[in-house]
Amino acid sequence: MGAAATGLVFAGLAEFHVATRLWSAAGWGVKVALPDDRLLALGAEHLALSMGSLAAAALAAVSLGVLVTRPWAGRDLRGAIDTLGTISQAVPPVVVVAVTLPVFGFGPGPTMIALFAYGLLPILRGTVAAIESVPSEARDAAEALGFTSAQTLWRVELPLAAPLIAASLRIALVLVIATASVGALAGAATLGTPIVAGLQNQNEIELLQGAAATAALAFLADGAALALLGLLERPSPA
Amino acid sequence: MTEQTLSGWRSRPGRAATAWRSDAFGRLAPAATVLLGFYACNWISIAPNRLLPGQGVPALAALGPMVHVGAAGLVLALALGTITSERGPLMRLAPITLLIILASMLVVLTGVAATPLLVGRPPAARVMVAAGGWLSLAGLLATIAGEARRTGIHAAAPVALGLVVLIAAAAAYSGWLDALSLAREIRARADLLGAAMRGHIALSAGALGLGLAAALPLGWAAFRSPRVEALTSVLLQGVQVVPAMALLAALVPALSFILAAFPALRGVGLAAIGPAPALIGVAAYLALPLVSSLVAGLRLADAAVIEAARAMGMTEARLTREVRIPLGMPLLVAGLRVGAVQSIGLTTLGGLVGAGGLGAIVFEGMAQFAPDLILLGAAPIVLLALAVDSGLRTLGRRLRGPQSEP
């Protein structure tokens, strides 16, 4: 609830009339704010870009997480993922956007790659921790019942790991939405677009609107994810 | 966090017989990337000038039959790695040495091969390293890192990768790579690059210092009182939700309003454009990892140990200095490592608010759409972050002591 309420407050701050009133009330001169329909359209593109990249990252990360927790997975594979984690920390999203820009050109391409790379690690880490947390008694019981290893995965390990995996998806969702603004530097239409335009044209009101709208979207998405998680948890028998 | 989660795997004894399959996968994936770059992509491209897209040349056409030698060397090194994994340290280092020679040879060969391609072309023509070259280089570095890890010698990976970087730098310095566009870009901006690098290091160190200055009292207060802990964690997590670019950008008008209200601050050297918004913005982001690792580190000491120390009559100050801090050291250093690496990455955005640093070069390259200029700014950022990461990782390992090594 807290996240959704904070999101609504930020959304209100970003709204055209509110932003204009606040600006003139503070006596900071006359600047032209971004109209609401443009802000909403950018917000929709921002959300679509984030969700698309997140879905791809989730698919890749959960599959990888399942792969490395198989009993036959060796140490080198885990070492490789350790290395991947170090590298993804060392290469910030803005650098990924910059380096992939010559390959994909201006548009959503570089941003999707950067968001995919940025979302991958928290989900992978969450999936691995979730599957590791499944008690070995549950696995032994499944084996005793004659489950194949695929059945154990689908009917024992994944259902038990699901809440933790979902929690890591929620963290990645907020990270990805907050980061998608950087894409505006490479020509992706996101809520970062007014931030970049505001910086270039010295239009601070536009800049602050973009910042507030991004924070609003991140908080609202977090609230929605929390609500969804609550809904999913309720009907399952303990 | 990464390290703790990923190295906390349950070991499953008795499965070693099947483990080689995935070990083979983990080793072969980077090697396959190298071969992909050798045989399936364009190694370099020739462009009429530094901004226009070029025409690709595959590795076989650019480097000649040496490509096959390189591929054979790679396979040989992997095979050698399998055979020597149980031998003495010198034998175990042999395949890595071979791989380092291979990587250096490829770098120099690419530079040498580029020279004849420029003959008879206008002076603005450029030879750029294309997808294949970068793929092979990345795959080779990953192979070196992986094989070095297999030796079980901790210093092997950073030393081997550092050697490759050094050799490439030496080759560039002595003119072997002069025909490559990236080298020309470096030469044209050598002074600028040096200044940007120094600026970047100073900015990220300053932001880390500022973040620490805020995190130490906050972390201590959060450690003492759960109410303060709840409040700081909500506030600091809220900062993480604001996009970094927006926070830095919003600090520019915010600082200019503050300066308009208190002109005396200008006398202290505070300005709305320049290092100030970058330092404050980056430090605000670092506060969360720093504070949370500080609190976790201080809590690490066992309650029984604390009780025993209290019973011996230790004061709170001595307790913290002699029990809590030494016992929590691994977590404190891990938090510092995350903070330092993030600081180097986030400082890139300082280029947007006039703080300079390597980010300024990256953004200039993006504005001109000049790939080599982007790389010129981006590569040192990544190398710097990796170097700091491996340095603080080593420090953390030293402090933990040899007895807790797995």
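Residues numbered from 1 in each chain as written. Chains lettered and ligands numbered in written order. Predicted model: local features only at pLDDT ≥ 70, side-chain atom pairs only at ≥ 80, totals over all residues. Heavy atoms only, no water.

A. Focus on the overall build of chain B. What chain B contains, in helices and strands, is 16 helices and three strands. Each principal axis of the C-alpha distribution contributes one length, and for chain B these read about 75 × 65 × 30 Å. Across the 406 residues of chain B, 44% fall into the buried class. A fraction of 73% describes how many contacts in chain B between residues 6 or more apart in sequence connect residues 24 or more apart. Accessible surface computed for chain B: about 19300 Å², of which carbon and sulfur atoms make up 71%. (Helix = DSSP H or I, 4+ residues; strand = E, 2+ residues; numbered from the N terminus. Buried < 20%, exposed > 50% of the residue type's maximum accessible area, 1.4 Å probe, protein only. Contact = heavy atoms within 4.5 Å. Areas by Shrake-Rupley, 256 points an atom, 1.4 Å probe, with all protein chains shown as cover.)

B. Molecular detail of the overall build of chain A. Regarding its fold elements, chain A presents ten helices and zero strands. Projected onto its principal axes, the C-alpha coordinates of chain A cover approximately 75 × 45 × 20 Å. Buried residues in chain A amount to 49% of all 238 residues. Here chain A has roughly 10800 Å² of accessible surface; of this, 71% comes from carbon and sulfur atoms. Taking the 11 positively charged and 15 negatively charged side chains of chain A as two groups, their mean positions are separated by 2 Å. (Lys, Arg positive; Asp, Glu negative; His and termini not counted. Charge placed at Lys NZ, Arg CZ, Asp CG, Glu CD.)

C. Main features of the nonpolar core. One finds Val 94 and Leu 185 of chain A together with Met 245, Leu 349, Ile 361, Val 362 and Met 366 of chain B to be the most contacted residues of the largest nonpolar core, which totals 63 residues. Per-element tally for this core: the top contributor is helix 12 (residues 275-299) of chain B, with nine residues. Beyond its immediate stretch of four places on either side in the chain, Ile 361 of chain B contacts Leu 192, Leu 193, Ala 196, Leu 373, Leu 376 and Gly 377 of chain B. (Core = buried A, V, L, I, M, F, W, Y, C linked by side-chain atoms within 4.5 Å.)

D. Summary view of helix 1 (residues 2-14) of chain A. All names here are of chain A. Its 13 residues give helix 1 an end-to-end C-alpha distance of 19 Å, which sits within 8% of 18 Å, the value for a rise of 1.5 Å per residue. Every buried residue of helix 1 is accounted for by Ala 3, Gly 7 and Ala 14. Viewed end-on, helix 1 has its buried residues packed into an arc of 35 degrees, placing them on one side of the element. What points out from helix 1, more than 90 degrees from its buried face, is the exposed set Leu 8 and Val 9. In this structure, the buried residues of helix 1 make contact with helix 2 (16-25), helix 3 (36-68) and helix 10 (204-233). (Expected span 1.5 Å × (residues − 1). Arc of directions from axis to C-beta.)

E. Examining the sheet that holds strand 1 (residues 42-47) of chain B more closely. Residues and elements named next belong to chain B. Overall, antiparallel pairing links the three strands, which are arranged 2-1-3 in an open sheet. Taken across any chain shown, the strands that pair with only one partner, and hence form the sheet edges, are strand 2 (55-58) and strand 3 (126-129). Neighbour-to-neighbour, the strand axes of the sheet open up by a mean angle of 30 degrees, direction not taken into account. By the bridge criterion, four bridges tie strand 1 to strand 3 in an arrangement that is antiparallel. What sits directly across from Ile 46, in strand 3, is Val 127. Its contacts with the sheet place helix 6 (residues 131-150) against strand 1 and strand 3, and it is angled at close to 140 degrees to strand 1. (Pairing = 2+ DSSP bridges. Axes fitted to C-alpha atoms, helices over the stretch in contact; angles between N-to-C directions.)

F. Summary view of empty space enclosed by the protein. Residue and element names in this part refer to chain B. Taken as a whole and judged by the stated rule, the model has one cavity of 30 Å³ or more. In this structure, the largest cavity occupies an estimated 60 Å³ of space. Gly 81, Thr 84, Ser 85, Arg 92, Pro 95, Ile 96, Glu 147, Arg 150 and Thr 151 together form the lining of the largest cavity. Contributing elements (two or more residues each) for the lining of the largest cavity: helix 4 (66-84), helix 5 (89-118) and helix 6. Counting residues per element, the lining of the largest cavity draws most heavily on helix 5, at three residues. Looking at the lining of the largest cavity residue by residue, the class counts come to two nonpolar, four polar and three charged. (1 Å grid on protein atoms, 1.4 Å probe; cavity = no way out; pocket = protein on both sides within 12 Å on 5 of 7 lines; lining within 4 Å. Points joined across faces, edges and corners; volume = space filled by probe spheres on them. Nonpolar A, V, L, I, M, F, W, Y, C, P; charged D, E, K, R; others polar.)

G. How the structure looks around the packing of aromatic side chains. All names here are of chain B. Enumeration over the complete set of coordinates arrives at five aromatic pairs over all chains. Between the aromatic rings of Trp 220 and Phe 223, the centroid separation amounts to 5.4 Å while the plane-to-plane angle is 40 degrees, which identifies the pairing as tilted. With Trp 220 and Phe 223 both in helix 9 (residues 190-224), this residue pair falls three residues apart, about one helical turn. (Phe/Tyr/Trp six-rings, centres within 6.5 Å; stacked < 30°, edge-to-face > 60°.)

H. Molecular detail of unusual backbone geometry. One non-glycine residue, Phe 369 of chain B, lies in positive phi territory at about 60 degrees. Residue Phe 369 of chain B is classed as partly exposed on the basis of its relative accessible area of 28%.

I. Molecular detail of the side chain of Gln 209 of chain A. Residue and element names in this part refer to chain A. Structurally, the position occupied by Gln 209 is in helix 10. Given a relative accessible area of 1%, Gln 209 falls into the buried group. Among the polar contacts listed, one links the side chain of Gln 209 to the backbone nitrogen of Leu 34, at a separation of 2.7 Å. Beyond its immediate sequence surroundings of up to four residues, Gln 209 is in contact with Ala 14, Glu 15, Phe 16, Ala 19, Ala 33, Leu 34 and Leu 39. (Polar contact = N/O pair within 3.5 Å; in protein donor to acceptor, adjacent residues only side chain to side chain.)

J. Representation of the packing of helix 12 of chain B against helix 14 (residues 316-346) of chain B in the model. Residues and elements named next belong to chain B. The interhelical angle for the contact between helix 12 and helix 14, taken along N-to-C directions, is 155 degrees, at an axis separation of 8 Å. Our classification of the angle between helix 12 and helix 14 gives roughly antiparallel. In this structure, helix 12 crosses over helix 14, and the sense of that crossing is right-handed. In terms of residue class, the contact of helix 12 with helix 14 is built from 14 nonpolar, eight polar and one charged. (Parallel < 35°, antiparallel > 145°, perpendicular 65-115°, else oblique. Left-handed = near helix turned anticlockwise from the far one by under 90°.)

K. Inspection of the pattern of salt bridges at higher detail. All names here are of chain B. Using the criterion set out here, one finds 16 salt bridges over all chains in the structure. Between Arg 318 and Glu 322 there is a salt bridge whose closest N-O contact spans 3.1 Å. Here Glu 322 and Arg 318 lie together in helix 14, a separation of four residues that amounts to about one turn. Since its relative accessible area comes to 40%, Glu 322 is described here as partly exposed. Overlapping salt bridges, with partners in common, bring together Arg 224, Glu 307, Arg 310, Glu 316 and Arg 324 in one network. (Salt bridge = Lys/Arg side-chain N within 4 Å of Asp/Glu carboxyl O.)

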